[in-house]
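Letter by letter, the chains look like this.
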Amino acid sequence: MDKVITLITGTRKGIGKYLAEHYVRKGHQVIGCSRKEPEWTLDGYEHFQVDVADEIAVKAMFLTIKKKYGKIDNLINNAGIASMNHFLLTPLSTVKNILDTNVVGTFLFSREAAKLMQRNKYGRIVNFATVATPLKLEGEAMYAASKAAIISFTEVIARELSPYGITVNTIGPTPIETDLIRSVPKDKLNELINRQSISRFGTVEDVANTIDFFIKKESSFITGQTLFLGGV
Amino acid sequence: MRDRILNIVLNTLNDFNETYEKDIPLELGEEIPLYGKKGILDSLGLVSLIVMIEQAIEDELDISLILADEKAMSQKTSPFLTVSSLVNYISLLIKEENKLWIK
């Protein structure tokens, strides 16, 4: 099968949905997943209803992908959750949810995808960080910490996967007008945006442009990097 | 079942030789020394081989195993010393249902 196979997590809405449409437009076979069924369908897109932190469900999904498509070229670990709260008021259940989706999910999908990718000695993995980490955004302690873990994880597995022709990089978006930042107060967002070199909201197109670069065949010499948008 | 697993492991070693341009002596069969003092694989070679065997077991038997977990590391003798010890360990995992069944 010659079609490029691109797997994107968290495609029900927001950035993930846009990326699914973007890569279908580029002629990829896109496979997506989310906990709830999306309210949209698309030719060239297949959806799996799966919790990214559920190991058995994730392994079953990859077995189906392996049988049907035989390979994965690109993995985009987009699924992520945030929770704005002072850390003194943050319940442990929120912490566990954030770590499960953001860290465990990225780990599981990277591990299973890399096992498939190593067969072809080719693969591109793109993870999601956030400017909340370098900007030390108050109220997002565990979100920022979970994404700091993603940066470290990316840097280490980039080295471990380099013998297999697999690159692993991270994009660090600025605030983008999606559900993820719905609960963040306006003045907090403006304050954050004013700390960027380029003071505006990011767009889904900015994110897609960066991922396009990371997953290009020609980007074979770029790995273990984190690219923050907005000049953070 | 043990014979099927042995076949899968030997076939995977053959693929491994081709993929990584290695020269593991397949004629030694169960006695092939994989990892350890007399082993012929380095640590990265062992990782690559384990991943290939996990994938092959999944393809052939529809069983999803994690071969290198704490259980493997805590065995008195490493399951990765020879083909024979590895096949015994895989058979044990499948027998103990220490696995994720996937239809």
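Residues numbered from 1 in each chain as written. Chains lettered and ligands numbered in written order. Predicted model: local features only at pLDDT ≥ 70, side-chain atom pairs only at ≥ 80, totals over all residues.

(A) Focus on the overall build of chain A. A tally of helices and strands in chain A yields six helices and seven strands. Secondary structure elements of chain A occur, N-terminal to C-terminal, as β-α-β-β-α-β-α-β-α-β-α-α-β. Taken over C-alpha atoms, the radius of gyration comes to 17 Å for chain A, in line with the 17 Å a tight globule of 232 residues would show. Its C-alpha atoms put chain A at 50 × 35 × 35 Å along the principal axes. Buried positions account for 41% of the 232 residues belonging to chain A. (Helix = DSSP H or I, 4+ residues; strand = E, 2+ residues; numbered from the N terminus. Rg over C-alpha atoms; globule rule 2.2 N^0.38 Å. Buried ≥ 20, exposed ≤ 12 C-beta atoms within 10 Å, placed from the backbone.)

(B) Structural view of the overall build of chain B. On a plain count of helices and strands, chain B comes out with four helices and two strands. Here chain B has a C-alpha radius of gyration of 13 Å; the compact-globule value for 103 residues is 13 Å, and the two agree. Considering only C-alpha atoms, chain B reaches an extent of 35 × 30 × 25 Å along its principal axes. By residue count, 24% of the 103 residues in chain B fall in the buried class. Nonlocal contacts in chain B, meaning residues at least 24 apart in sequence, comprise 61% of its contacts between residues at least 6 apart. (Contact = placed C-beta atoms within 7 Å.)

(C) Representation of the environment of aspartate 179 of chain A within the structure. Residues and elements named next belong to chain A. Position of aspartate 179 among the secondary structure elements: in the loop between β6 (166–172) and α5 (186–193). Along the primary structure aspartate 179 and glutamine 196 are separated by 17 residues, whereas in three dimensions their C-alpha atoms are 21 Å apart. With near-sequence residues (within four places) excluded, aspartate 179 lies in contact with Lys13 and Gly14.

(D) Geometry of the environment of alanine 79 of chain A. All names here are of chain A. Among the structural elements, alanine 79 can be located in the loop between β4 (74–77) and α3 (92–120). Remark: the alpha-carbon pair of alanine 79 and phenylalanine 128, spanning 49 residues in sequence, is separated by 8.3 Å. Not counting residues up to four positions away in its chain, the partners in contact with alanine 79 are Thr9, Gly10, Gly16, Val52, Thr101 and Gly105.

(E) A look at the interface of chain A and chain B. Each partner contributes to the interface: chain A provides seven residues, whereas chain B provides eight residues. Of all the elements in the fold, those that place two or more residues in the side of chain A that touches chain B are α2 (55–69) and α3 of chain A. By residue number, the principal contributor to the side of chain A that touches chain B is α2 of chain A, which donates four residues. Residues belonging to the side of chain A that touches chain B are distributed by class as follows: four nonpolar, one polar and two charged. (Nonpolar A, V, L, I, M, F, W, Y, C, P; charged D, E, K, R; others polar.)

(F) Highlighting the packing of α3 of chain A against helix α4 (residues 141–161) of chain A. Residues and elements named next belong to chain A. At their nearest, the axes of α3 and α4 sit 9 Å apart, and the two run at 15 degrees to each other. Here α3 is positioned roughly parallel relative to α4, judged by the angle of their axes. The chirality of how α3 crosses α4 is right-handed. Packed against α3, whose contacting residues are Val95, Ile98, Leu99, Asn102, Val103, Thr106, Phe107, Ser110 and Ala114, the element α4 presents Met142, Tyr143, Ser146, Lys147, Ala149, Ile150, Phe153, Ile157 and Leu161 at the interface. (Axes fitted to C-alpha atoms, helices over the stretch in contact; angles between N-to-C directions. Parallel < 35°, antiparallel > 145°, perpendicular 65-115°, else oblique. Left-handed = near helix turned anticlockwise from the far one by under 90°.)

(G) Representation of the pairing of strand β1 (residues 5–9) of chain A. Residue and element names in this part refer to chain A. Among the five residues that make up β1, five are buried, leaving the element largely enclosed by the rest of the structure. Along β1, one buried face is formed by Ile5, Leu7 and Thr9 and the opposite face, lined by Thr6 and Ile8, is buried too. Direction of pairing for β1 relative to strand β2 (residues 29–34): parallel, over a ladder of five bridges. Paired with isoleucine 8 across the bridge in β2 is glycine 32. Crossover handedness for the path β1 to helix α1 (residues 14–25) to β2: right-handed. (Pairing = 2+ DSSP bridges. Right-handed = clockwise from strand over helix to strand, strands pointing away.)

(H) Just the sheet that holds β4 of chain A, in detail. All names here are of chain A. Spatial ordering of the open sheet is given by β3-β2-β1-β4-β5-β6-β7, a layout of seven strands whose pairing is parallel. On the outer flanks of this sheet lie β3 (45–49) and β7 (226–228), each paired with one strand and no other. Along the sheet, successive strands turn relative to each other by an average axial angle of 15 degrees, direction set aside. Sheet topology note: the β6/β7 ladder contains three bridges and is parallel. If you follow threonine 170 over to β7, its bridge partner there is threonine 226.

(I) Region of interest: the nonpolar core. Judged by nonpolar contacts, the single largest core of 43 residues is most densely connected at Leu19, Ile72, Ala113 and Ile211 of chain A. The element contributing the most residues to this core is α3 of chain A, with six residues. Excluding anything up to four places from it in sequence, isoleucine 211 of chain A contacts Leu19, Ile76, Val126 and Ile171 of chain A. Core analysis: the second largest hydrophobic core is formed by 20 residues, Ile32, Ile53, Val87 and Ile90 of chain B among them. (Core = buried A, V, L, I, M, F, W, Y, C linked by C-beta atoms within 7 Å.)

(J) Summary view of unusual backbone geometry. The phi angle at lysine 136 of chain A is positive, at roughly 50 degrees, despite the residue not being glycine. The residue lysine 136 of chain A is located in the loop between β5 (123–128) and α4 in this model. Positive phi, close to 60 degrees, is recorded for aspartate 62 of chain B, a residue that is not glycine. If you trace the backbone, aspartate 62 of chain B turns up in the loop between α2 (43–61) and β1 (63–64).

(K) Quick peek at the confidence of the model for chain B. Residues with a pLDDT of 70 or more make up 93% of chain B, whose mean pLDDT is 89. Confidence, read as mean pLDDT per element, is least for strand β2 (residues 100–101) of chain B in chain B (52) and greatest for helix α1 (residues 2–19) of chain B (95). (pLDDT = per-residue confidence, 0-100.)

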